[in-house]
Each structure stands twice: as structure tokens, then as C-alpha cells.
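If you want the building blocks of each chain, they are given just below.
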Amino acid sequence: MNLHEYQGKEILSSFGVRTQRGIVANTPEEAVEAAKKLTEETGTGWHVIKAQIHAGGRGKGGGVKLAKNLDEVNSISNDILGMMLITPQTPAEGKLVNQVLVAEDVYYPGDSEPNEFYMSVLLNRASGKNMIMYSTEGGMDIEAVAEETPHLIFTEEIDPATGLLPFQARKIAFNLGLSGAAFKDMTKFVTALYTAYVKSDSSLFEINPVLKTSDDKILAVDAKVTLDENALYRHKDYAEMRDLREENPIEVEAKAAGLNYVDLDGNVGCMVNGAGLAMGTMDLIKQAGGEPANFLDVGGTADAQRVETAFGIILKDPNVKAILVNIFGGIVRCDRVAQGVVDAYKNMGDKINVPIICRLQGTNAKEAKELIDNSGMEIISATEFQEAADKVQEVLQVKA
């Protein structure tokens, strides 16, 4: 589950990580009031207005701007709120900005120059250990740093059994070229950041930039946080942070119906039971010359209501030219699934306007094929994998 910047900073602050302070606003008027309150609390004279969407690269897209007075806070917030913000991490049409974060200016003058660093905490699946990835070259061009100068990206692996050890935090601060008060503050920052990552059950913490201020304080200017949904039962307060406006509406509807659905860009919808079979089915579709339009796992049951719901969700994608139902009848009998498909087809009527290929294999597969073939419905039955692939290929050629 992805979080907004201001939500990620709330979690970081709760574990003692110093962050750039800010107040979220939904309207230009709220933004001005937030700026006034922030000035009272922090003494900041300038304010940074940040679009709150689930995507990085907001600055390059015009979603992060500096306001030097309250009039600019109002006008900039008015420009950003309601815009379709396009960044390298959004869909082509962009994402609608519903909120802005009014944040304090932390690039104030002082005894030394501010420095920006990059830091993230995530799981290294190859080693089975957590990892802190960091660089001296933080800021908007971190992707270019990783591509053009990878030697400037450092990693520190942490054994989950021991946790982050003090020498590792010091090593990170040393590699970032820090000394004195900034060195000590960075070791505290790294330790608190890793604690926040572990105790919040996150799958990613990305802070870009981590800032060394002109008076040698270390703080998180941004926060990209992804929580592990499997652990949300331990964090009811985090679960309430979910912003459904930022998620694919079809995926939200599927989840509410108890279906595992991921929207893709292809032309063949697929409905299966089991994640492994779903992956194999997507390979089958590509082999047949198509592209999978979705990943949809109906789980262990496939009655008429569940199949009808699944068909309805798949058909919301206008790019779908055919639907492949590929069910293995292990726990659930194939003839029951076949009856569910037939009943759903009857109930939906003219709403189904694309060919349906139905492959059922396993318990009572023969009876299932006979049931479909004798139903009078325009459902193409198949038994073998290759047969299903051939049927998909045939209907796509007709549709072309």
C-alpha cells in the first residue's frame, strides 16, 4: 500500500526521524492558513508547495514549487490543486492532484552549504536481507546517477537477526563524507530510519533527498513509503491512510469483491483459479499472439455470482477482444465451474460482446465440456492448453 509524502513523514516522525515539517491542505484557502500556522511554529518565511500523489518526479512535472509570500502560496496552490500531474512514474494522462503539502523552507543560509543525499531501505530478495541504499548524489536526477555513475550508489546489507549495528550506521555517515555534528546526526537518522522501516512493516522507505542543512542537521525532505499489505492487520491506523483515489478503480472494485485483479495493457482478458496458473495462462495468451489484459484469480470458488462479477470487471476494459477462462478443477469440480460460466453468461446477456474461450481441466472435466457445448451459449470450450491457445489465436484473427 502506497502512502502520500505527508503520511510517510508522520510514520517517520513517530519513530524519531527528523523531517521537513508541513501541513496538508485541500484548497488554496487551507494552504494559506497552513502557511501562517507553519510560520508561527517554525519561523519559516518561505514555503514549499508539494503536490500529493502516489508518484515520484513531482518536481520535474511542476508539482513542487517555492512560495516566497502568502500570495504566492495561494496562487501556486490554486495552480497545482486539480491539475493532472505528469511525471515519469504516472500514467500518460497523469494523476489528479487532490491535496498539497505546505512545507517549511529548510534550505536556509548558515555556516555551511546544504547537501542532498539519497537513501532508501528495502529488502534484497537475492540475499534475504534488508538493505540500505544510499548516495551522495541525492535530488531529482537520482535515476541518471544510477544509470550513468553507478559507483556513486552504495549499499549496506543488514541481517534481520541482528538488526542495524552501530558500525554500519557510522559507515554510511562516513561514506557520505560527513564529519562532526552532521556525522553524529546522520548515524542517529539512519538508525531511526531503519527502526521505522522494520516496526512499520514496510516494504520500501525512500527518502530523496535526505538533507544536511546549513547548521548540520539531518532531515528527510521527502518520503516515499510503501507498506506491506499482508501486515496491515497489525497496523489498523496505517490501513486508514489508504487513498483509494490514487488506485486503479477497477482494481479497487475487484478487491472489494474478493478477487485478485491486476490491470494490464493487453487485449485478452483472463480468469483463472490460482496465481501459478494465472502466470501460465498469461504466457499462453502471448504464445497465441495476444497480450494479457489482466491478471484475475477468482480463488477456490467459481460459482455463477463470482464468475459474473469477474466477467463484469474484465469487460470494463475497452481493449479486451476476448476472454480466456482457464480453471483447474482440483478442489472445485469443473462441472460446477462450467455451470457457473453458463449461468453468468445467461444473466449478463448482451453485456458480453466478446468471444469467451473456456478451458476446464481436472475433476469432471469431460462433463464440464459437455455442459458448455450443449448450453446453446456462444462459449468456445477447450480441454488442453494448446487447444485453448489455438482458440484464442482464431478469435483474435477474426477480430483483427
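Everything discussed here concerns the structure shown above.
Scope of this entry: the structure provided in the associated data block. All values derive from a computational prediction rather than experimental measurement.

## Here's the deal with the pattern of salt bridges
- Tallied over the full model, the rule gives 20 salt bridges.
- In this structure, Asp-335 and Arg-333 form a salt bridge, with 2.8 Å as the shortest nitrogen-oxygen distance.
- The exposure class of Arg-333 is partly exposed, given its relative accessible area of 34%.
- In this structure, Lys-369 and Asp-373 form a salt bridge, with 3.0 Å as the shortest nitrogen-oxygen distance. Separated by four residues within a single helix, Lys-369 and Asp-373 lie in helix H12 (residues 365-373), roughly one turn from each other.

## Observations concerning the environment of Thr-39
- Structurally, Thr-39 is set in helix H2 (residues 28-42).
- C-alpha separation for the pair Thr-39 and Asp-105, spaced 66 residues apart in sequence, amounts to 10.0 Å.
- Residues in contact with Thr-39, not counting those within four places in the same chain, are Thr-44 and His-47.

## A closer look at the side chain of Gln-99
- Inspection of the secondary structure assignment puts Gln-99 in the loop between strand E5 (95-96) and strand E6 (100-104).
- Owing to a relative accessible area of 9%, Gln-99 belongs among the buried residues under this scheme.
- There is a polar contact of 3.3 Å between the side chain of Gln-99 and the side chain of Asn-26.
- Ignoring sequence-local partners within four residues, the contact set of Gln-99 consists of His-4, Tyr-6, Val-24, Ala-25, Asn-26, Lys-50, Ala-51, Gln-52, Leu-81, Asp-243 and Arg-245.

## Observations regarding unusual backbone geometry
- The omega angle of the peptide bond from Asn-208 to Pro-209 is 10 degrees, so this bond is cis rather than trans.
- Structurally, Pro-209 is set in strand E10 (residues 202-212).
- Of note in the backbone geometry, Asp-201 takes a positive phi value of approximately 55 degrees without being a glycine.
- Secondary-structure assignment places Asp-201 in the loop between helix H6 (180-199) and E10.
- Despite not being glycine, Asp-216 shows a phi value in the positive range, around 70 degrees.
- The class of Asp-216 is partly exposed, set by a relative accessible area of 28%.

Conventions adopted
- Residues numbered from 1 in each chain as written.
- Predicted model: local features only at pLDDT ≥ 70, side-chain atom pairs only at ≥ 80, totals over all residues.
- Heavy atoms only, no water.
- Salt bridge = Lys/Arg side-chain N within 4 Å of Asp/Glu carboxyl O.
- Buried < 20%, exposed > 50% of the residue type's maximum accessible area, 1.4 Å probe, protein only.
- Helix = DSSP H or I, 4+ residues; strand = E, 2+ residues; numbered from the N terminus.
- Contact = heavy atoms within 4.5 Å.
- Polar contact = N/O pair within 3.5 Å; in protein donor to acceptor, adjacent residues only side chain to side chain.

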